[in-house]
Amino acid sequence: MQFIDLKAQYRTLQEKIDNRIKTVLSHGGFIMGPEVYELEERLAEFAGTKYAIGCANGTDALQLSLMALGVKPGDAVFCPTFTFFATAEVIALCGATPVFVDSELSTFNMCPQDLDKKIKTILEQEELTPKAVIAVDLFGLPANYPELQKIIEKYDLLLIEDAAQGFGGEINGKRAGSFGDIATTSFFPAKPLGCYGDGGAIFTSNDELASIVKSLRVHGKGSDKYDNVRVGVNSRLDTIQAAILLEKLQVFPEEIKLRNKVADKYTLALSSLYSTPQVPDEMVSSWAQYTLTVSSRDAMIDKLSVANIPSMVYYRTCMHEQTAFKHLGKENAECPQAEALAKQVVSLPMHPYLSDEEIDKVTSVLAE
Ligand SMILES: *Cc1c(COP(=O)(O)O)cnc(C)c1O
């Protein structure tokens, strides 16, 4: 059994993907070829935004977004402490200071009450300027945008949605990638919508932000090819990856349904025995991960491993406890719930092609 079975997906799409790659090889437009622009249109349609802009990976997508929003030294950018490192890393890369926010035990996502508290603290300290919030759609579940939005408006901050894991999720029919001033996703192979290498995208409906991001991803280019108008980066989405994603995006809505069926089967079998993941009624998760919280995690991992069932721990260490961020001090990083989660979470095999037999095997080992 695979934790994420990319080969099973490839088997169902092989002919189409191979043909797409061959087309790129024959037209030779490897950088910013027609597939990139076609994919950007399809992605924007899917997310319900005016623009989708391809880039090299999900980390660059976040960095480009912060650069476009003008995040700079002296700014405080709030993000969850229980997330993948990239979310916080890009804040420091822009010279700003990450301020870590606690998580909700029930959804694993940023806790709105704690966000409010952390913003107040930073305002009282009068050292940093609260500028933006990066909310993460952790494990596929959209963050609580209705509540977060109220706080962001109250303090007049900017909102970035990190939908690296959440692309394909929804709140009341509105899709991930459309929340906030700007949103990002990753096409790393293991993400819900993955390619066969690195890739990422930025989503916005703001004309000015879109044009800045398009310039930034190509060295800050202006309308004259030989006059760069700002300092940018080199972060384009490869044409071959765009070609692969065009085929994968076709089956993506169906795959989200399949992921939800797998999650429902896990929950039906396990909810009386374990603390299973909660999805609020108005939300759809893209189930990047199916994550249990258990007090005897190591014993569970051993039990699964003896039965040849892979499992993973996302994430064992909160951002405020990582070596790279320890110098920020604990003062602004009181996150007891996230620390508890880091000790208890364990993720089970999850992908759209998981068979009933495989699901039964996992749940029966866990029920023993
Ligand atoms: C994977 C991930 C990223 C970074 O994406 P890459 O394409 O690997 O750079 C950022 N944020 C979150 C929450 C992620 O899971």
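This section reports on the structure supplied with the text. Worth saying up front: this structure is predicted, and the values here are computed from it rather than measured.

**A look at the packing of aromatic side chains**
1) Next: By the definition in use, this model includes 17 aromatic pairs.
2) Next: With a centroid separation of 5.4 Å and an interplanar angle of 45°, the aromatic rings of Phe 46 and Phe 167 are classed as tilted. Of this pair, Phe 46 sits in helix 2 (residues 34–47) while Phe 167 sits in the loop between strand 5 (158–162) and strand 6 (170–171), and the two are 121 residues apart along the sequence. Here Phe 46 and Phe 167 have matching classes, each one buried.
3) Next: Grouped by ring-pair contacts, the aromatic residues Phe 3, Phe 82, Phe 84, Phe 108, Phe 139, Tyr 314 and Tyr 315 constitute a single cluster.
4) Next: Lying over the aromatic face of Phe 46, Arg 175 brings its terminal NZ or CZ to 3.8 Å of the ring centre.

**Remarks on the nonpolar core**
1) Next: The biggest cluster of nonpolar side chains holds 66 residues, and the ones touching the most others in it are Phe 82, Ile 134, Tyr 266, Leu 292, Leu 348 and Leu 366.
2) Next: Contacts of Leu 292, omitting those with residues within four sequence positions, involve Leu 270, Tyr 274, Ser 275, Thr 276, Pro 277, Met 300, Gln 344, Val 345, Val 346, Leu 348 and Leu 366.

**Points about the sheet that holds strand 8 (residues 182–186)**
1) Next: Taken in spatial order, the 7 strands line up as 1-9-8-5-4-2-3 in an open sheet, and their pairing is mixed. Only two strands of the sheet have a single partner each, and these edge strands are strand 1 (51–55) and strand 3 (97–101). Put simply, the sheet's adjacent strands are angled 25° from each other on average, direction ignored.
2) Next: Two elements, strand 1 and strand 9 (residues 200–204), share 5 bridges in a ladder whose sense is antiparallel. Looking at the pairing, Cys 55 lines up with Gly 200 of strand 9.
3) Next: Across the face of the sheet, helix 5 (residues 112–125) comes into contact with strand 2 (75–80), strand 3 and strand 4 (129–136) while running at roughly 140° to strand 3.

**Here's the deal with the side chain of Ser 285**
1) Next: On the secondary structure map, Ser 285 appears in the loop between strand 10 (283–284) and strand 11 (290–293).
2) Next: Judged by relative accessible area, which is 2%, Ser 285 ranks as buried.
3) Next: Within the structure, the side chain of Ser 285 is placed 3.5 Å from the backbone oxygen of Gly 140, a separation counted as a polar contact.
4) Next: Within the local environment of Ser 285, its side chain forms a polar contact with the backbone nitrogen of Trp 287, the two atoms lying 2.9 Å apart.
5) Next: Setting aside its immediate chain neighbours within four residues, Ser 285 contacts Phe 139, Gly 140, Leu 141, Gly 169, Ile 256, Asn 260 and Val 279.

**Quick look at the sheet that holds strand 10**
1) Next: What the 3 strands build is an open sheet, ordered 7-6-10; its pairing is antiparallel. A strand with exactly one partner marks an edge of an open sheet, and here the two such strands are strand 7 (174–175) and strand 10.
2) Next: As paired strands, strand 6 and strand 7 are joined by 2 bridges and run antiparallel to one another. Within strand 7, the residue paired with Glu 170 across the bridge is Arg 175.

**Points about the layout of surface pockets**
1) Next: By volume, the largest pocket is sized at about 480 Å³.
2) Next: Along the wall of the largest pocket there are 27 residues; nearest its centre are Phe 84, Gln 165, Ser 186, Phe 188 and Lys 191.
3) Next: Contributions of two or more residues to the lining of the largest pocket are made by helix 3 (58–68), helix 4 (85–93) and strand 8.
4) Next: If you tally residues by element for the lining of the largest pocket, the top one is helix 3, at 3 residues.
5) Next: Here the lining of the largest pocket is built from residues that sort into 15 nonpolar, 9 polar and 3 charged.

Cut-offs and rules
- Residues numbered from 1 in each chain as written.
- Predicted model: local features only at pLDDT ≥ 70, side-chain atom pairs only at ≥ 80, totals over all residues.
- Heavy atoms only, no water.
- Phe/Tyr/Trp six-rings, centres within 6.5 Å; stacked < 30°, edge-to-face > 60°.
- Helix = DSSP H or I, 4+ residues; strand = E, 2+ residues; numbered from the N terminus.
- Buried < 20%, exposed > 50% of the residue type's maximum accessible area, 1.4 Å probe, protein only.
- Lys NZ or Arg CZ within 6 Å of the ring centre and 35° of its normal.
- Core = buried A, V, L, I, M, F, W, Y, C linked by side-chain atoms within 4.5 Å.
- Contact = heavy atoms within 4.5 Å.
- Pairing = 2+ DSSP bridges.
- Axes fitted to C-alpha atoms, helices over the stretch in contact; angles between N-to-C directions.
- Polar contact = N/O pair within 3.5 Å; in protein donor to acceptor, adjacent residues only side chain to side chain.
- 1 Å grid on protein atoms, 1.4 Å probe; cavity = no way out; pocket = protein on both sides within 12 Å on 5 of 7 lines; lining within 4 Å.
- Points joined across faces, edges and corners; volume = space filled by probe spheres on them.
- Nonpolar A, V, L, I, M, F, W, Y, C, P; charged D, E, K, R; others polar.

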